[in-house]
Amino acid sequence: MKILKKLTISVLLFAGASAFTFALPDADKFDVPYIGKINDGLDDFAGELGFAVPQAAVEQNVYADAFIGKVFPAVPPHFAVGFNAGFTHLNTSGIADAADALGIDGVKSDMYFPVLNADVRVGGVFLPFDLGLSFMTLDVSSLNTMDADFTAEFFTFAVDARYALIEDGLITPGVSVGVGYSMNKGSFGASDKSAEVNVDYDVQTLYGQVQISKALNIPVVRIGFTPFLGLRGIISNYSNDWNWKVHNDTVSTVISALNVKTSGTNASDGYAGFQPQIYGGLGFNFMLIQVTASACADLRHVGGDTNLWSGALSLRLKM
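Residues numbered from 1 in each chain as written. Predicted model: local features only at pLDDT ≥ 70, side-chain atom pairs only at ≥ 80, totals over all residues. Heavy atoms only, no water.

1. Some words on the environment of Lys-193
One can find Lys-193 in the loop between β5 (174–191) and β6 (195–213). Between the C-alpha atoms of Lys-193 and His-247, which are 54 residues apart in sequence, the distance is 6.8 Å. (Helix = DSSP H or I, 4+ residues; strand = E, 2+ residues; numbered from the N terminus.)

2. Topic: the packing of aromatic side chains
One pass over the full model with this rule turns up eleven aromatic pairs. Plain terms: the ring middles of Phe-135 and Phe-155 are 5.5 Å apart, the flat faces sit at 75 degrees to each other, and that makes the pair edge-to-face. With a gap of 20 residues between them, Phe-135 in strand β3 (residues 129–139) and Phe-155 in strand β4 (residues 149–166) connect regions that are remote in the sequence. A relative accessible area of 41% places Phe-135 in the partly exposed class. Since its relative accessible area comes to 28%, Phe-155 is described here as partly exposed. Taken together through their ring pairs, the aromatic side chains of Phe-45, Phe-150, Phe-154, Phe-188 and Tyr-201 make up a single cluster. Across from the ring centre of Tyr-63, 4.8 Å away, lies the NZ or CZ of Arg-121, which sits over that ring. In this structure, Arg-316 is placed above the aromatic ring of Tyr-63, and the distance from its NZ or CZ to the ring centre is 3.7 Å. (Phe/Tyr/Trp six-rings, centres within 6.5 Å; stacked < 30°, edge-to-face > 60°. Buried < 20%, exposed > 50% of the residue type's maximum accessible area, 1.4 Å probe, protein only. Lys NZ or Arg CZ within 6 Å of the ring centre and 35° of its normal.)

3. Here we look at the pairing of β5
Pairing of β4 with β5 involves 17 bridges; the strand directions are antiparallel. Across the sheet, the residue bridging to Asp-160 is Gly-180, located in β5. As defined by bridge partners, β5 adjoins β6 across 18 bridges and the pair is classed as antiparallel. For Gly-178, the partnering residue across the bridge sits in β6 and is Gln-209. Where β5 folds back onto β6 in an antiparallel hairpin, the turn is made up of three residues. (Pairing = 2+ DSSP bridges.)

4. So, helix α2 (residues 35–58)
The terminal C-alpha atoms of α2, which comprises 24 residues, lie 36 Å apart, in line with the 34 Å expected from a rise of 1.5 Å per residue. At Gly-50, α2 shows its strongest bend, of approximately 35 degrees, with the proline Pro-54 following within four residues. In terms of burial, α2 is a largely internal element, 19 of the 24 residues being buried. (Expected span 1.5 Å × (residues − 1). Bend = angle between axes of the 7 residues up to and from the residue.)

5. Description of unusual backbone geometry
What is expected of a backbone is that most residues other than glycine have negative phi and most peptide bonds are trans. A cis amide bond links Phe-72 with the next residue in sequence, Pro-73, at an omega value of 0 degrees. As for its placement among the helices and strands, Pro-73 is situated in the loop between α2 and β1 (79–91). Following Val-75, the chain continues to Pro-76 via a peptide bond in cis, the omega torsion being -5 degrees. Along the chain, the position of Pro-76 falls in the loop between α2 and β1. Despite not being glycine, Phe-126 has its phi angle at roughly 70 degrees, a positive value. Note on placement: Phe-126 falls in the loop between β2 (110–123) and β3. Exposure remark for Phe-126: the relative accessible area of 54% places this residue in the exposed category. You will see that Met-287, though not glycine, has its phi angle at about 55 degrees, which is positive.

6. Section: the side chain of Gln-60
Tracing the backbone through its elements, the reader meets Gln-60 in the loop between α2 and β1. Engagement of the side chain of Gln-60 in a polar contact is seen with the backbone oxygen of Ala-56, the distance being 3.5 Å. When residues no more than four places from it in sequence are discounted, the contact partners of Gln-60 are Asn-84, Val-115, Asn-117, Asp-119, Met-136, Thr-156 and Arg-316. (Polar contact = N/O pair within 3.5 Å; in protein donor to acceptor, adjacent residues only side chain to side chain. Contact = heavy atoms within 4.5 Å.)

7. Description of helix α4 (residues 249–257)
Residues that lie three or four places apart on an α-helix share one face, since the helix turns once every 3.6 residues. Along α4, the residues that are buried comprise Val-251, Val-254 and Ile-255. Buried residues of α4, viewed axially, fall in a sector of 100 degrees; they line one side. Those residues of α4 that are exposed and aimed more than 90 degrees away from the buried face are Asp-249, Thr-253 and Ser-256. Asn-259 occupies a position one or two residues after α4 and carries a positive phi of about 55 degrees. (Arc of directions from axis to C-beta.)

8. Considering the pairing of strand β10 (residues 272–286)
Note that strand β8 (residues 223–246) and β10 share 13 bridges and pair antiparallel. By the bridge assignment for β10, Ile-234 is matched with Gln-275. As judged from the ten bridges shared by β10 and strand β11 (residues 289–298), these two strands associate in the antiparallel manner. Pairing of Phe-284 across the sheet is with Val-291, part of β11.

9. A few points about the nonpolar core
One finds Leu-42, Val-107, Phe-154, Phe-188 and Trp-244 to be the most contacted residues of the largest nonpolar core, which totals 46 residues. Sort the elements by how many residues they give to this core and α2 lands first, with ten residues. Ignoring any residue separated from it by four or fewer positions in sequence, one finds Leu-42 in contact with Gly-94, Ile-95, Ala-98, Val-197, Val-199, Trp-242, Asn-243 and Trp-244. Within the second largest apolar cluster, five residues are counted, among which are Val-62, Phe-228, Tyr-279 and Cys-296. (Core = buried A, V, L, I, M, F, W, Y, C linked by side-chain atoms within 4.5 Å.)

10. Considering the packing of α2 against helix α3 (residues 93–101)
A pair of packed helices is characterised by two quantities: the angle between their axes and the separation of those axes. For the pair α2 and α3, interaxial distance at closest approach is 7 Å and the crossing angle is 155 degrees. As the angle between them shows, α2 and α3 are arranged roughly antiparallel. Crossing handedness for the pair α2 and α3: left-handed. From α2, Lys-37, Ile-38, Gly-41, Leu-42 and Phe-45 reach across to α3, where they touch Gly-94, Ile-95, Asp-97, Ala-98, Asp-100 and Ala-101. Residue classes in the contact of α2 with α3 are distributed as six nonpolar, two polar and three charged. (Axes fitted to C-alpha atoms, helices over the stretch in contact; angles between N-to-C directions. Parallel < 35°, antiparallel > 145°, perpendicular 65-115°, else oblique. Left-handed = near helix turned anticlockwise from the far one by under 90°. Nonpolar A, V, L, I, M, F, W, Y, C, P; charged D, E, K, R; others polar.)

Right, here's the structure in full:
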């Protein structure tokens, strides 16, 4: 017998006992088996998104060059535009536990959700800084690896600015410091004919970083490599809502009448939750084309069930 059937029987028995005594119990004292597992699982997953989403967002606009150069005065002016494709490891055990408690089969305890976005970066005028913008909107419902009817949607807009402490020279590497902001919204959900679970997230992220790189190119043919390494610190402000319901009118009516908690919010106290990260990779340069492979690990969430890390591959036109 599925757990949802047990939940249904428990709710109906409790409702029957309540009706017999001609009074509904206090909602805080109402304790049907599996309710706690559902709510705790969804709340845990909503909290997980508070630091997993920023990880994915800041890895979308990584350039191999610590500084791409100034637009003016420069001949030719320096700018870049391209696309990024990648993934971020996400611990989905919370939503999997909630789905299991409702009898929704096939939700796995982790996934690698895809990232696909466009970005542009332009150099500064006189001063050695550059400005980057990135944008993503993606419905990966058809790309997920879950066995269940699992949905995931993402929207991200990000901007960052970097200042070159040292410009890449004949011998010296390029070193830059930067700051950035990202706005991220989206949802996760799982369902079948008997029940559904949903989590909506709204995360805003601020970060600072330092990056070092060194272009190793053959000047005449402009072919070469740019290895890079960086450190980044993130703080985030998030408010992530979760809810669940069963597709059974009788049980739904009783749950509503008894004021059973079927929704909630996991939110931060302003910008908080410092996340130190290390990132790096390699850019391959061919004429005006740069292909960059990068990876990023959250130093507070390495190993264990969370094991938060990301990888990305970028293709850009860069002058």
